[in-house]
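# Summary of the model geometry
Residues per chain, in single letters:
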Amino acid sequence: MQNWWEEQRLVRYFYYVLRSPETPSSDKMLIVAALSYLILPIDLISAKRLPVIGWIDEAFSLVYAYKKVCRYVTPEIESEVDNILERWFPEVKYELIQE
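Below is a short write-up of the structure. (Residues numbered from 1 in each chain as written. Predicted model: local features only at pLDDT ≥ 70, side-chain atom pairs only at ≥ 80, totals over all residues. Heavy atoms only, no water.)

## Digging into the pattern of salt bridges
- Going through the model one piece at a time under the given rule, you end up with 2 salt bridges.
- Residue Arg9 is joined to Asp82 by a salt bridge in which the shortest nitrogen-to-oxygen separation is 2.1 Å. One end of the pair, Arg9, is in helix H1 (residues 2-19); the other, Asp82, is in helix H4 (residues 75-88), with 73 residues separating them in the sequence.
- Classification of Arg9 by relative accessible area gives buried; the value is 14%.
- For Asp82, a relative accessible area of 30% puts it in the partly exposed group.
- Among the ionic pairs, Asp27 bridges to Lys68, the shortest N-O distance being 3.0 Å. In this pair, Asp27 sits in helix H2 (residues 25-39) while Lys68 sits in helix H3 (residues 51-72), placing the two residues 41 residues apart along the sequence. (Salt bridge = Lys/Arg side-chain N within 4 Å of Asp/Glu carboxyl O. Helix = DSSP H or I, 4+ residues; strand = E, 2+ residues; numbered from the N terminus. Buried < 20%, exposed > 50% of the residue type's maximum accessible area, 1.4 Å probe, protein only.)

Below, the structure written as structure tokens:
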């Protein structure tokens, strides 16, 4: 569950950083371009022709976007993301009923 939770947190960070007025437009465009490179079927280095090298360029674009996003995550964004995740996916506590 912890990995899934962290993935959800990362997606929300991307969303809030892109919506933040403090994030410069040039960095927003770079983040969107890096994410688009992962999604779109166009590759600079084809993974079919050079499997390992073809995946490295996609990994590089993801790491680049992640570093850009981390630069602009504020405590307010962290708090908002935590509140949303707690509201959407509350931790369920189970108790054993003894008979």
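From this point on, the discussion continues.
## A few points about the packing of H2 against H3
- Contact pair H2 / H3: the axes reach a minimum separation of 9 Å and the direction vectors enclose 150°. Accordingly, the angle class assigned to the pair H2 and H3 is roughly antiparallel. Considering the relative orientation of H2 and H3, their crossing is left-handed. On H3, the residues that touch Asp27, Leu30, Ile31, Ala34, Leu35, Tyr37 and Leu38 of H2 are Asp57, Glu58, Ser61, Leu62, Tyr64, Ala65, Lys68, Val69, Arg71 and Tyr72.
- Tallied by class, residues from the contact of H2 with H3 come to 11 nonpolar, 1 polar and 5 charged. (Axes fitted to C-alpha atoms, helices over the stretch in contact; angles between N-to-C directions. Parallel < 35°, antiparallel > 145°, perpendicular 65-115°, else oblique. Left-handed = near helix turned anticlockwise from the far one by under 90°. Contact = heavy atoms within 4.5 Å. Nonpolar A, V, L, I, M, F, W, Y, C, P; charged D, E, K, R; others polar.)

## Things to note about a nonpolar patch on the surface
- Judged by side-chain polarity, Leu50, Val52, Ile53, Trp55 and Ile56 come together as a nonpolar surface patch covering roughly 520 Å² of accessible area.
- The residue Val52 is located in helix H3 in this model.
- Looking at Val52, the relative accessible area reads 57%, which means it is exposed. (Patch = residues over 30% accessible without salt bridge, like charges linked within 9 Å, V, L, I, M, F, W, Y side chains within 5 Å. Areas by Shrake-Rupley, 256 points an atom, 1.4 Å probe, with all protein chains shown as cover.)

## Structural notes on the packing of aromatic side chains
- Evaluation of the coordinates by the stated rule reveals 2 aromatic pairs.
- Between Tyr15 and Tyr16, the ring centres sit 5.2 Å apart and the planes meet at 80°, which makes this aromatic pair edge-to-face.
- On the accessibility criterion, Tyr15 (44% relative accessible area) is partly exposed. (Phe/Tyr/Trp six-rings, centres within 6.5 Å; stacked < 30°, edge-to-face > 60°.)

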